[in-house]
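What the coordinates show
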Amino acid sequence: MKKIALLYNKELEKYKYASYHPLKRERIIYTMQRIKKYSKGVYDSFAFSPATISDMSLYHDIDYIQYLYDIEKDETKYVPKKYGIGTTDNPYFKEIFTTSSIHIGAVNLAADLIVRENYSDVFYFPGGLHHAKKNYAWGFCYVNDPVYAILRLLKYGKRVLYVDIDAHFCDGVADAFKSDLRNKKDLLILSFHESGDFLFPAEGYVGEKGSINFPLYPGTDDYTYIINFIKVFGEVFYRFKPDVIVAQIGADTSKLDILSHINLSLKGYLNVIKNINEKKVNKIWLGGGGYNNKFTSCGWSSAFRLVLGDITVNNIKTNINIKNIKSEKAFNYAEGIYKFLEKYILSQI
Ligand SMILES: [Zn+2]
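For clarity, every value in this text was computed on a predicted model and none was experimentally measured.

Okay, the overall build of the chain next. Within the chain, the secondary structure is distributed over ten helices and eight strands. What you see for the chain is a C-alpha radius of gyration of 19 Å, in line with the 20 Å of a compact globule of 349 residues. Put simply, the chain has 349 residues, and 50% of those count as buried. Sequence separation of at least 24 residues holds for 79% of the intrachain contacts in the chain that already meet a minimum separation of 6.

So this is what it looks like as structure tokens:
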């Protein structure tokens, strides 16, 4: 029997990046509205306390966290471009510390609910901010909540599989554990993303140390994505045998997305979710990227309802089981990546 939790804090609705910025808070608001309107299954909603400065300094440098606090309390302390804040990607905004403390508070509770209360699935859609670095903001991310979720689960003695399906490579998470002796032993990082030759952050190549990477060619569609995901994720799960999965389910792999060049349909995206959902271990689900508000809120609320048991992938039109490759180049590229992983990486797990 599943025990599902949804974490949310309405304070997040107050923040706003600069108006030009592609990351819109509306995608979260619409996701929560859709969940409220359409979900039929049983789940528990949790409000939660923001993390303290001391909690927030577990991974990020205390000086960086203190700076976020100071510039929220007193705008005159803000220095453009210090700690990566004030750039086009990472603008200063008024609730910069409050939102950051909410994200870390949420994932700490998520790990506690999984371990102490035996929740099977805990969702936090505003999280999944997988680019933030130890001491600076990067790639629209100010604090790296997936790192905190992983650290807390490791502290509880759990074996963690982090799987990231955002269109962008999870460089912040990979960096955090690059030299950590628990990486590859108690933690495995698996990322499917558009190749760094074509998309930010220009990393995540196959064979890079610290994470198992599956770079995808622009134009990758449902068929190519799904057959490779099933093979690689299945193999990684089978060999590593995690206690918990932390899934970052960024919805910017959609063909409607304005930033990436991956061409998943809603059905393709949900097939990936279905594969993760089928693994019988507890899971923390984090949002991540998604720059088409409609697709992102549809994708995330449908992912939630799929886990809840309200819908199945077959309810969604179009059939990806039929071999229908729109980009031969992307298919062949993925085949090469799979062969490399199969030969040099997967067998080492
Ligand atoms: Zn992304």
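Still to come is the rest of the account.
Another aspect to go through is the packing of helix H1 (residues 26-38) against helix H9 (residues 293-308). For any two helices packed against each other, the geometry is given by the interaxial angle and the distance between the axes. Where H1 meets H9, the axes come as close as 8 Å, and the angle between the chain directions of the two elements is 40 degrees. Taken together, H1 and H9 sit at an angle that is classed as oblique. By crossing handedness, the relation of H1 to H9 is classed as right-handed. Along the contact surface, H1 presents Glu26, Arg27, Tyr30, Thr31, Arg34, Ile35 and Tyr38, while H9 presents Asn293, Thr296, Ser297, Trp300, Ser301, Phe304 and Arg305. Here the contact of H1 with H9 is composed, by residue class, of five nonpolar, five polar and four charged.

Compared with an ideal rise of 1.5 Å per residue, which puts 16 residues at 22 Å, H9 spans 22 Å between its outermost C-alpha atoms and is within 8% of the ideal. Of the residues trailing H9, Gly309 is marked for its positive phi of about 95 degrees.

On to the nonpolar core. The biggest cluster of nonpolar side chains holds 106 residues, and the ones touching the most others in it are Leu7, Ala110, Val122, Tyr162 and Val246. Top contributing element to this core by residue count: helix H4 (residues 96-116), with eleven residues. Apart from the residues lying within four places of it in its own chain, the contact partners of Ala110 are Leu7, Val122, Tyr124, Ala149 and Ile284.

Take the sheet that holds strand E3 (residues 121-124) next. Within the open sheet, the eight strands sit side by side as E2-E1-E3-E8-E7-E4-E5-E6. Their pairing is parallel. The open sheet terminates on both sides in strands that have one partner only, identified here as strand E2 (44-46) and strand E6 (212-216). Across the sheet, the mean angle from the axis of one strand to that of its neighbour is 15 degrees, orientation sign disregarded. Bridging between E3 and strand E8 (residues 282-286) involves four bridges; their strand directions are parallel. From the neighbouring strand, Asp121 faces E8, where its bridge partner is Lys283.

Turning next to the pairing of strand E5 (residues 187-194). On a regular strand, each side chain points to the face opposite its neighbour's, so the side chains alternate between the two faces of the sheet. In terms of residue burial, E5 counts as a mostly covered element, since eight of its eight residues are buried. Here strand E4 (residues 160-164) pairs with E5 via five bridges, running parallel. Bridging across to E5, Asp164 finds its partner in Ser191. As for the winding sense of the linkage, the β-α-β connection from E4 through helix H6 (residues 171-177) to E5 is right-handed. As judged from the five bridges shared by E5 and E6, these two strands associate in the parallel manner. Each residue of the ladder has a partner; that of Ser191, found in E6, is Asn213.

How each quantity is defined
Residues numbered from 1 in each chain as written. Predicted model: local features only at pLDDT ≥ 70, side-chain atom pairs only at ≥ 80, totals over all residues. Helix = DSSP H or I, 4+ residues; strand = E, 2+ residues; numbered from the N terminus. Rg over C-alpha atoms; globule rule 2.2 N^0.38 Å. Buried ≥ 20, exposed ≤ 12 C-beta atoms within 10 Å, placed from the backbone. Contact = placed C-beta atoms within 7 Å. Axes fitted to C-alpha atoms, helices over the stretch in contact; angles between N-to-C directions. Parallel < 35°, antiparallel > 145°, perpendicular 65-115°, else oblique. Left-handed = near helix turned anticlockwise from the far one by under 90°. Nonpolar A, V, L, I, M, F, W, Y, C, P; charged D, E, K, R; others polar. Expected span 1.5 Å × (residues − 1). Core = buried A, V, L, I, M, F, W, Y, C linked by C-beta atoms within 7 Å. Pairing = 2+ DSSP bridges. Right-handed = clockwise from strand over helix to strand, strands pointing away.

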